[in-house]
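# Commentary on secondary and tertiary structure
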Amino acid sequence: MKTVGVRIPQGLLGGCLELQKLACLDLTGNKNWVVELSNLTKLRKLGIIGLKFNQGKSLCSLIDNMKYLQALNVFSDSKSESIDLVHVTSPPKMLTRFYVSGPLLSLPTWINNLHGLVRIRLRWSNLHSDPFETLQLLPNLVELLLLEAFVGEQLNIASQGFQKLKILHMLDLYSLKSLFIAKGSLPVLEEMSIGESKNLQLPLDIKYLPTLKTLNIYNMPPLFISSFLPTGIYDSTLKHMSNGYCQTYTLDYSSLRASVSMKFLYFMEMMMKKKVQLWSCIHEE
């Protein structure tokens with residue numbers, strides 16, 4: 001995990017009292033960052049790179065005083081350096097975007113009080129508890145990304161969970177074995193991505209996702225992929241979803257070459273030319 005930030009000379013930020021956007025601030029070598037950021041109470045967007053565990057409590061105190069903050073993006077110093085965000089006591093009520101890249105000891109409980117959150121992206125969080133238990137209760141959440149964010153075996157979406165979620169990405173969840181989707185959940189979901197989670201077992205309760213328009217499957221086992229292709233067990237289900245316009249995109253069929261006939265492989269490659277959606281980095285918006 002290597003993210004390039006901006007190193008600002010010490011003393012420069014302290015005088016920018018009207019500053020509203022500060023993205024990708026690299027904390028490396030800046031010993032006075034707490035003092036300088038404490039003056040920036042009008043920030044709408046804050047991005048921090050290179051945060052160490054022992055700096056988390058100080059960052060939480062700063063967040064408490066940033067009442068106008070709408071977007072928070074925090075990168076750990078490394079994939080092994082945990083991020084401590086549990087000490088926020090007065091979270092910004094205007095926060096709509098919450099991005100964290102790095103291990104979390106637990107999902108901050110103060111997120112429960114932020115009903116304005118629209119977009120959450122958790123990368124390399126390595127959570128042991130099901131994050132859906134908390135996140136599915138957020139009333140206005142529209143987009144959720146989990147990338148190496150969960151190390152457990154089961155995720156559960158309860159009835160009435162994620163009532164406004166339209167985009168759900170679940171990637172690189174290496175230990176995940178089952179995904180339970182209850183009837184009545186995800187009523188407006190339009191796009192779902194599942195990738196590099198090779199222990200995930202079928203079946204999936206996608207029949208409860210009537211508005212699904214796009215299903216992205218990335219680097220999954222051959223049996224899993226084939227289940228969503230024409231003649232697969234989910235083919236008829238997909239055709240009846242979203243007025244028959246649900247599209248399935250798959251990426252990386254290299255693992256199939258040793259186990260399928262050339263005729264079937266040719267059919268798959270023709271589908272790829274027409275339907276494959278190359279996976280790209282999700283930009284920080």
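The structure presented is a predicted model; accordingly, all values stated were derived computationally and were not measured.

### So, the overall build of the chain
Within the chain, the secondary structure is distributed over six helices and twelve strands. Within the chain, buried positions represent 47% of all 285 residues. In the chain, once contacts between residues fewer than 6 apart in sequence are set aside, the share between residues at least 24 apart is 56%. Per element, the accessible surface of the chain, about 13,900 Å² overall, is 55% carbon and sulfur.

### Here we look at helix α2 (residues 56-64)
Side chains that are three or four residues apart share a direction in an α-helix, a result of its 3.6 residues per turn. Those residues of α2 that sit buried are Gly56, Leu59, Cys60, Leu62, Ile63 and Asp64. Its buried side turned inward, α2 meets α1 (33-37), β2 (45-51) and β3 (71-76).

### So, the nonpolar core
One recurring pattern in soluble globular proteins is that nonpolar side chains are buried together. Of all hydrophobic cores here, the largest spans 69 residues; its most connected members are Phe98, Leu122, Phe132, Leu144 and Met192. Of the residues forming this core, the biggest block, four residues, is contributed by α2. Once you skip the residues sitting within four places of it in the chain, leucine 122 turns out to touch Phe98, Val100, Leu104, Leu107, Leu127, Leu135, Leu145, Leu146, Leu147 and Ala149.

### What to know about the pattern of salt bridges
Counted under the stated rule, the structure contains seven salt bridges. Here glutamate 143 and arginine 121 are joined by a salt bridge, their closest N and O atoms 2.8 Å apart. Here the residue glutamate 143 occupies a position in strand β6 (residues 143-147), and arginine 121 occupies one in strand β5 (residues 119-123), the gap between them amounting to 22 residues. Given a relative accessible area of 8%, glutamate 143 falls into the buried group. Since its relative accessible area comes to 2%, arginine 121 is described here as buried.

### Section: the environment of serine 178
You can see serine 178 is positioned in strand β9 (residues 178-181). Taking C-alpha positions, serine 178 is 6.5 Å from leucine 155, a pair spaced 23 residues apart along the chain. Of note is the side chain of serine 178, whose polar atom sits 3.3 Å from the side chain of glutamine 154.

### Digging into the packing of aromatic side chains
Within the structure shown, the criterion is met by four aromatic pairs. When the ring of phenylalanine 98 is compared with that of tryptophan 110, the centres are 5.6 Å apart and the planes differ by 80°; the resulting orientation is edge-to-face. A residue pair is termed long-range when its members are at least 10 positions apart, and phenylalanine 98 in strand β4 (residues 97-101) and tryptophan 110 in the loop between β4 and β5 qualify at twelve residues. Among the aromatic side chains, those forming a connected cluster through ring pairs are Phe224, Phe228 and Tyr234.

### Brief notes about the pairing of β9
Residues Leu179 and Ile181 line the buried face of β9, whereas the alternating positions Ser178 and Phe180 sit on a face that is not buried. Alignment of strand β7 (residues 154-157) against β9, held across four bridges, turns out to be parallel. Pairing of leucine 155 across the sheet is with leucine 179, part of β9.

### Comments concerning the confidence of the model for the chain
The share of residues in the chain with pLDDT of 70 or more is 79%, and the mean pLDDT across the chain is 83. For residues 252-284, every residue scores under 50 in pLDDT, and the model assigns this stretch 43 contacts once sequence neighbours within four places are set aside.

### Structural notes on unusual backbone geometry
Cis geometry is adopted by the peptide bond preceding proline 203, which originates at leucine 202 and carries an omega value of 5°. By the secondary structure assignment, proline 203 is in the loop between β10 (191-195) and β11 (214-218). Here the phi dihedral of asparagine 219 falls at roughly 50°; this positive angle occurs in a residue that is not glycine. Residue placement: asparagine 219 occurs in the loop between β11 and α4 (222-226). The class of asparagine 219 is buried, set by a relative accessible area of 14%.

### Remarks on the pairing of β10
Along any regular strand, the residues point their side chains to alternate faces of the sheet. Among the five residues of β10, four are classified as buried, and the element is accordingly described as predominantly covered. Where strand β8 (residues 167-171) and β10 come together, five bridges link them in parallel fashion. Opposite isoleucine 167, over in β10, you have glutamate 191 as the bridge partner. Here β10 pairs with β11 via five bridges, running parallel. Pairing of isoleucine 194 across the sheet is with isoleucine 217, part of β11.

### A closer look at the environment of phenylalanine 132
Of note, phenylalanine 132 is situated in helix α3 (residues 132-135). The spatial distance from the C-alpha of phenylalanine 132 to the C-alpha of leucine 155 is 6.9 Å, given a sequence separation of 23 residues. Every residue in contact with phenylalanine 132, bar those within four places of it in the chain, is listed here: Leu144, Leu146, Leu155, Asn156, Ile157, Phe162, Leu168, Met170 and Leu179.

Cut-offs applied
- Residues numbered from 1 in each chain as written.
- Predicted model: local features only at pLDDT ≥ 70, side-chain atom pairs only at ≥ 80, totals over all residues.
- Heavy atoms only, no water.
- Helix = DSSP H or I, 4+ residues; strand = E, 2+ residues; numbered from the N terminus.
- Buried < 20%, exposed > 50% of the residue type's maximum accessible area, 1.4 Å probe, protein only.
- Contact = heavy atoms within 4.5 Å.
- Areas by Shrake-Rupley, 256 points an atom, 1.4 Å probe, with all protein chains shown as cover.
- Core = buried A, V, L, I, M, F, W, Y, C linked by side-chain atoms within 4.5 Å.
- Salt bridge = Lys/Arg side-chain N within 4 Å of Asp/Glu carboxyl O.
- Polar contact = N/O pair within 3.5 Å; in protein donor to acceptor, adjacent residues only side chain to side chain.
- Phe/Tyr/Trp six-rings, centres within 6.5 Å; stacked < 30°, edge-to-face > 60°.
- Pairing = 2+ DSSP bridges.
- pLDDT = per-residue confidence, 0-100.

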